[in-house]
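Next come the chains, spelled out residue by residue.
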Amino acid sequence: QILSLGAGFDSLYFRLKDIGLLHHTVVYEVDFPNVACQKATLIKRMKELSVLVGDTGGEGLGVITFSGEDYKLLGVDLSELSELQRALKEAGLDNEIPTLFIAEVVLTYMESSRSDALIQWAAEHFSQACFLLYEQMHPEDPFGRVMQHHFSQLNSALHSLTQYPDCEAQQRRFFGKGWTECSVMDMNEFFSCCTPEDEQQRVQALEPFDEYEEWHLKCSHYFVLTASKGMEPSWTPLLPNMTVPHRDGPVRMAGSITAAVCTMHSDISGLRRYGHHSVLIKPNVILTTGGFGEEDGQHCRMRSFHVLIKHAGYWKAGCVKKENPDKRDERLHHTVSCLSSSLALVVGGRTSPSSAGLGMLWLKFPEMCNALDPDDITVELVRLHSPSMQTGIFAFVTYQILTSLFAWLSFSVGEKYLFLYGGRSAMEPVLGDWYFLHAEELSCTVIPVEGPAPESRHSHSACSWKGGVLIAGGLGAVEQPLGSVFFLRELEHGFQWQTVDTHPPLIPRYSHTAHVHDGKLLLVGGVWFHSSSVPGITVIDLRTGLCLDYMIDVEHLEWPLMLHNHSSVFLPNEKELLLIGGGGNCFSFGTHLNPEPVSLSLSNILPNH
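Residues numbered from 1 in each chain as written. Predicted model: local features only at pLDDT ≥ 70, side-chain atom pairs only at ≥ 80, totals over all residues. Heavy atoms only, no water.

Draft legend 1. Main features of the overall build of the chain. Regarding its fold elements, the chain presents 11 helices and 41 strands. Put simply, 64% of the contacts in the chain that link residues at least 6 apart link residues at least 24 apart. Surface accessibility of the chain: about 25,900 Å² in total, with carbon and sulfur atoms responsible for 51%. (Helix = DSSP H or I, 4+ residues; strand = E, 2+ residues; numbered from the N terminus. Contact = heavy atoms within 4.5 Å. Areas by Shrake-Rupley, 256 points an atom, 1.4 Å probe, with all protein chains shown as cover.)

See below:
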């Protein structure tokens, strides 16, 4: 028997029956009476469904709204357990034969005491039983708070989350209610370990897609649980031949860093965005370009450039006047390399996952920046033709905060070159090649590189250090976060790749930002599959390899701080980290944008030498 709890308009029975997988099996579906009646009406109206179900004419008899040869549809409130038992007995449910219970995002809408009673009843009253549960978890981290807000707006509070916030709590719940076997994993693990490779490839090829952060965050906030009792052989579908690469126990935090909203002297609505880039033009002057955010009261690709200027301890934000503006300036997932206080280079980006190839753009500033008012700053835009790379097109690559197709990575190597590494192209899900781009001529130069190259990746971070380049993290070929760190070391006649060993090992992540200060690599935010916590600040001592994780204390923030698709700027003199924007557009829970820049003082974790 299969008993589907809160089945709604699920077509599972009809799909299984149509392909011949329901031999000697009866399916019982239960939902509220009005839902069951609507579904019964739909079945009777559609000939192909009626033929499959084999209508016996038993519909409309009390709570049984539809009765077929191997299909019973019942209209009962699941929270009324005694009524549910009577209805199932009337419909012919047999407590002595193997029974599978299915509850897909159902029990969490019930009061915990009532859903607990239902789980215990199923264990106590059926001699051979299996239970399949799918619902939400992790309510208190930033994405969890956005998720809870979404369901609260729908007047559908998630009751189970307080008492059962994670996989371990759910597993203890089932063991405590009489189930003898229980396995549970989040949906990132399920997709990686239980979904056949050909099905993964089919899903990944459905359409151009680059919202990896929201996909992985949502999957880390849903779990699938299987429990059983009395089954011979035992029913443990989540265990055989399975390696779970993500769950390593709680992250050991070395301390915490307090987040504070930046003290501003002006409105900063234009900084509510994601997929943008921010760069320090000169001390206390920050330019932010591109991204998707809020402009003129609506969500759109950002047309305006914004500048933050710090004066007398306060930040002031404003729009930058642009000379020669163009629709192509409305780009996401690009990068900006500041070559001087009056010149920066914008590379790549895209307008949509299927619309990219925006090329390069010079940003020319006047010898300004004695200006104290952002509105006094003007930027001249000069568009450039991209040099030929990879079959005549620029092999658009991702960097630092990026997850998207066709974004760029660039940063200074020595005085003459920009280094472009990794990413993703229209044809390849990840790239592992690199280019040296002459900073003045914007032409590609062949420079010898020794040593084993890093694994192909996108959404990694990159920083200049000692005349070379540090590459950290990223998303690999099978959409798994990477935990490797590489240093492209400068030699007399070229460069050499070297692995940076960290201890303890760096937790794999992507969509983070990074900075180097005094021999320490700082990784900021990002996404990892370690769903028991969220990434804060990771400090890697490049001399010793010591890797320390620090939690970001958000007690003083009134909103969830989403640290992906953000930008960050490190102010070395103050040892202050400024977080600008961040968030994303989740296909299930809507758009969340961090509303204000946030300041982190790192003086306690970056002591003076």
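Draft legend 2. Here's a closer look at the pattern of salt bridges. Going through the model one piece at a time under the given rule, you end up with 12 salt bridges. Ionic pairing is found between Asp 10 and Arg 15, a salt bridge with its closest N-O pair at 3.8 Å. Overall, the relative accessible area of 21% leaves Asp 10 in the partly exposed class. On the basis of relative accessibility, which here comes to 47%, the residue Arg 15 falls in the partly exposed class. (Salt bridge = Lys/Arg side-chain N within 4 Å of Asp/Glu carboxyl O. Buried < 20%, exposed > 50% of the residue type's maximum accessible area, 1.4 Å probe, protein only.)

Draft legend 3. Structural detail: the sheet that holds strand S14 (residues 298-301). The strand order across the open sheet formed by 3 strands is S10-S13-S14, and the pairing between neighbours is antiparallel. Two strands in the sheet have a free side with no partner beyond their single neighbour: strand S10 (273-274) and S14. As paired elements, S10 and strand S13 (residues 292-295) share 2 bridges and run antiparallel to each other. The partner of Tyr 274 across the bridge, within S13, is Phe 292. (Pairing = 2+ DSSP bridges.)

Draft legend 4. Structural view of empty space enclosed by the protein. Across all of its chains, the model carries 3 cavities of 30 Å³ or more by this definition. Approximately 60 Å³ is the volume found for the largest cavity. Secondary structure elements with two or more residues in the lining of the largest cavity: helix H9 (187-193) and helix H11 (212-220). Of all the elements, H9 adds the most residues to the lining of the largest cavity, at 3 residues. Considering only residue class, the lining of the largest cavity consists of 4 nonpolar, 4 polar and 1 charged. (1 Å grid on protein atoms, 1.4 Å probe; cavity = no way out; pocket = protein on both sides within 12 Å on 5 of 7 lines; lining within 4 Å. Points joined across faces, edges and corners; volume = space filled by probe spheres on them. Nonpolar A, V, L, I, M, F, W, Y, C, P; charged D, E, K, R; others polar.)

Draft legend 5. Representation of the side chain of Lys 39. Considering the arrangement of structural elements, one finds Lys 39 in helix H2 (residues 33-45). Residue class for Lys 39 comes out buried when judged on its relative accessible area of 4%. For Lys 39, the side chain forms a polar contact with the side chain of Glu 29, separated by 2.6 Å. Other than its neighbours up to four places away in sequence, Lys 39 contacts Gly 8, Phe 9, Asp 10, Glu 29, Tyr 71 and Leu 73. (Polar contact = N/O pair within 3.5 Å; in protein donor to acceptor, adjacent residues only side chain to side chain.)

Draft legend 6. Region of interest: the nonpolar core. Membership of the largest hydrophobic core comes to 36 residues, with the highest contact counts inside it found for Phe 101, Leu 107, Phe 131, Phe 174 and Trp 179. For this core, the leading source of residues is helix H5 (residues 112-125), giving 5 residues. In contact with Phe 174, other than residues within four places in its own chain, are Ile 119, Phe 131, Leu 133, Trp 179, Cys 182, Leu 225 and Ala 227. Residues Met 187, Tyr 212, Leu 217 and Val 224 belong to the second largest nonpolar core, which totals 21 residues. (Core = buried A, V, L, I, M, F, W, Y, C linked by side-chain atoms within 4.5 Å.)

Draft legend 7. Structural detail: the pairing of strand S5 (residues 99-104). Both strand S1 (residues 2-5) and S5 contribute to a ladder of 4 bridges, which runs parallel. Considered in S5, the bridge of Ser 4 is made with Ile 102. On the question of chirality, the crossover connecting S5 to the parallel strand S6 (residues 129-136) by way of H5 is right-handed. (Right-handed = clockwise from strand over helix to strand, strands pointing away.)

Draft legend 8. Representation of the packing of aromatic side chains in the model. Per the counting criterion, the structure on display carries 26 aromatic pairs. Three or more aromatic residues link up through ring pairs in this structure, and these residues are Phe 419, Tyr 421, Trp 434, Phe 436, Phe 486, Phe 495 and Trp 497. Over the ring of Tyr 222 we find Lys 218, and its NZ or CZ is 5.5 Å from the ring centre. Over the aromatic face of Phe 589 sits the side chain of Lys 218, whose NZ or CZ is 5.8 Å from the ring centroid. (Phe/Tyr/Trp six-rings, centres within 6.5 Å; stacked < 30°, edge-to-face > 60°. Lys NZ or Arg CZ within 6 Å of the ring centre and 35° of its normal.)

Draft legend 9. Here's a closer look at the environment of Gln 171. If you trace the backbone, Gln 171 turns up in helix H8 (residues 167-176). Among the residues examined, Gln 171 registers a relative accessible area of 25% and is labelled partly exposed. Through-space distance from the C-alpha of Gln 171 to that of Glu 181 is 9.3 Å; in sequence the pair is 10 residues apart. In this structure Gln 171 touches Cys 182, Ser 183, Val 184 and Leu 225, once residues within four positions along its chain are discounted.

Draft legend 10. Spotlight on the packing of helix H4 (residues 81-91) against H5. Axis separation between H4 and H5 bottoms out at 11 Å; the angle between their running directions is 40 degrees. With respect to each other, H4 and H5 are oriented oblique. The two elements H4 and H5 meet at a crossing, and its hand is right-handed. Across the interface between the two elements, Leu 81, Leu 84, Gln 85 and Leu 88 of H4 pack against Ala 117, Leu 118, Trp 121 and His 125 of H5. When grouped by side-chain class, the residues that make up the contact of H4 with H5 number 6 nonpolar, 2 polar and no charged. (Axes fitted to C-alpha atoms, helices over the stretch in contact; angles between N-to-C directions. Parallel < 35°, antiparallel > 145°, perpendicular 65-115°, else oblique. Left-handed = near helix turned anticlockwise from the far one by under 90°.)

Draft legend 11. Region of interest: unusual backbone geometry. Omega for the peptide link from Glu 232 to Pro 233 comes to -5 degrees, which places this bond in the cis form. Tracing the chain through its elements places Pro 233 in the loop between strand S8 (222-229) and strand S9 (253-261). Even without glycine at this site, Ala 312 takes up a positive phi of about 55 degrees. Tracing the backbone shows Ala 312 in the loop between strand S15 (306-311) and strand S16 (314-319). Residue Ala 312 is classed as exposed on the basis of its relative accessible area, which comes to 65%. Backbone geometry places Ser 459, a non-glycine residue, at a positive phi of 65 degrees.

Draft legend 12. Representation of H11. Counting buried positions over the 9 residues of H11 gives 7, a clear majority of the element. Regarding H11, the residues found buried are Tyr 212, Glu 213, Glu 214, His 216, Leu 217, Cys 219 and Ser 220. Residues of H11 that are buried in the fold lie against helix H6 (142-153), strand S7 (181-186), H9, S8 and strand S39 (583-586).

All we've got here are geometric facts, nothing functional implied.
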